[in-house]
Amino acid sequence: MTVPEHDVSDAIDTNDHSIARVQSLGSGSSGNAFLIEHGESSFLLDCGVGIRTIIHAMNVRHQTIADLDAVLVTHEHIDHIRTLPQVLGPNIPVIASKGTFDRTRIRDQQWLSITPSAPIQIAGASIWALTVRHDAAEPCGFLIELPGATISVLTDLGSWRDELLEPLLASDLIVLEANHDLEMLRCGPYPAHLKRRVASDVGHLSNEHCGAVLADVAKRGPRTPTVWLAHLSGTNNRPEVAKATVDAALDRIDRDLSITPLPRRTPGPVWTPSENRSGETNRNGPIARPATQLSFDGI
Ligand SMILES: [Zn+2]
Ligand SMILES: [Zn+2]
């Protein structure tokens, strides 16, 4: 499927490179990518949107693809790596699990192996792999600690693991999958085998499940993270349905978070720490604590 190219909004201050900044460039089965920046450092998390979209997003920031400090890859499904060959210059490291590396054409010399027990420090960022269940070789989410901001990205996960809660509690921006509405999937046009796959433990996270997780985060967390709902299905979900489901889960425990469903095929929104309602950022993220406090499973 051809991914349409879109202009990237530069409505916010594009010249301030001193603060952490995250931009979605597309989220869903048509293509996924996030541009993550702080200071002079920039990272691409997944590489599934059109190359022109990536180039333009970086040009708006007065950067080129050659300026990327690393590309982080969650797993080998095409909506996450479609543009990887075009993005990879000879000197750009790729952070991925061994299983993902084995199923992509990442060159040996560019691959930085990441495991849940061994975070990577690169260009001023601390990057943790978070094990998820999904029908890929060795998929992961990421927790990224930047100066003044901690970001977690969890898409393409069929089920929840309690070990994922701690990274979310440490995050200022949470990007969490809200793939489908259970009833829309059940009654929708997908063939039975595909419905089973999506709803399975290694498929995708439903709105309902996403809402339950975020309610737990809101109940336990001392902070007020911004939340982006990611990887929405174009067939089995709608942005207003996903948001309403999550909002209802938060209402039931009398909590409120800033919830934004990500556009599937267009870039945006942009997040900076100042977007958070409390104005508070997490400067005490997991990397500041002993690693033993994190209970990520090995793979
Ligand atoms: Zn995907
Ligand atoms: Zn996938």
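Cut-offs applied
- Residues numbered from 1 in each chain as written.
- Chains lettered and ligands numbered in written order.
- Predicted model: local features only at pLDDT ≥ 70, side-chain atom pairs only at ≥ 80, totals over all residues.
- Heavy atoms only, no water.
- Donors = N, O, S within 2.8 Å, 3.2 Å for Na, K, Ca; no water.
- Tetrahedral: all angles 85-135°; square planar, octahedral: opposite > 155°, others 65-115°.
- Helix = DSSP H or I, 4+ residues; strand = E, 2+ residues; numbered from the N terminus.
- Buried < 20%, exposed > 50% of the residue type's maximum accessible area, 1.4 Å probe, protein only.
- Salt bridge = Lys/Arg side-chain N within 4 Å of Asp/Glu carboxyl O.
- Pairing = 2+ DSSP bridges.
- Axes fitted to C-alpha atoms, helices over the stretch in contact; angles between N-to-C directions.
- Contact = heavy atoms within 4.5 Å.
- Right-handed = clockwise from strand over helix to strand, strands pointing away.
- Expected span 1.5 Å × (residues − 1).

## Comments concerning the coordination of the zinc ion (ligand 2)
- Coordination of the zinc ion (ligand 2) by the protein involves His75 (NE2), His77 (ND1), His134 (NE2) and Asp156 (OD), with metal-donor separations of 2.2 to 2.4 Å.
- Bound by 4 donor atoms, the zinc ion (ligand 2) shows angles of 92 to 170 degrees at the metal and therefore irregular coordination geometry.
- Here the zinc ion (ligand 2) and the zinc ion (ligand 1) are spaced 3.5 Å apart, linked through Asp156, which binds each one. Taken together, the residues span a long stretch of sequence, with His134 in the loop between strand S8 (125-131) and strand S9 (140-146) and Asp156 in the loop between strand S10 (149-154) and helix H5 (165-169) at a distance of 22 residues. Taken individually, His134 and Asp156 each receive the classification buried, so the pair is uniform in this respect.

## Looking at the pattern of salt bridges
- This model, assessed by the stated rule, comprises 9 salt bridges.
- Taking the shortest distance from any N to any O, the salt bridge between Arg21 and Glu37 comes out at 2.9 Å. Placement of Arg21 in strand S1 (residues 21-26) and of Glu37 in strand S2 (residues 33-38) is noted, with a sequence separation of 16 residues between them. The pair Arg21 / Glu37 is uniform in exposure class, with both members buried.
- The partner of Lys98 in a salt bridge is Asp102, and the shortest N-O contact between them spans 2.8 Å. One end of the pair is Lys98 and the other is Asp102, both in helix H4 (residues 98-102) and 4 residues apart, which spans about a single turn.
- Residue class for Lys98 comes out partly exposed when judged on its relative accessible area of 42%.
- In the salt-bridge network here, residues are joined through shared partners; they are Arg21, Glu37 and Arg61.

## A short note on the sheet that holds strand S13 (residues 258-261)
- With mixed pairing, 7 strands are arranged side by side in an open sheet as S7-S8-S9-S10-S11-S12-S13. A single partner strand is all that each edge strand has here, and the edge strands are strand S7 (120-122) and S13. Within this sheet the neighbouring strands show an average axis-to-axis angle of 20 degrees, counted without direction.
- Sheet topology note: the S10/strand S11 (residues 173-177) ladder contains 4 bridges and is parallel. The partner of Ile151 across the bridge, within S11, is Leu173.
- With respect to the sheet, helix H8 (residues 207-220) is in contact with S11, strand S12 (226-230) and S13, its orientation differing from that of S11 by roughly 155 degrees.
- Along the sheet, helix H9 (residues 239-252) contacts S12 and S13; its crossing angle with S13, the most-contacted strand, is approximately 155 degrees.

## Some points on the pairing of S12
- Within S12, 5 of the 5 residues are buried, which leaves it mostly tucked inside the rest of the structure.
- Side chains Thr226, Trp228 and Ala230 of S12 all project onto a buried face; the interleaved residues Val227 and Leu229 project onto the opposite face, where all are buried too.
- Taken together, S12, H9 and S13 constitute a β-α-β crossover, and its handedness is right-handed.

## Points about H9
- Across its 14 residues, H9 extends 20 Å between first and last C-alpha, which sits within 8% of the 20 Å expected from 1.5 Å per residue.
- Those residues of H9 not exposed but buried are Val241, Ala242, Thr245, Val246, Ala249 and Leu250.
- Next to the buried residues of H9 lie helix H6 (182-187), H8, S12 and S13.
- At the C-terminal side of H9, Asp254 shows a positive phi close to 60 degrees.

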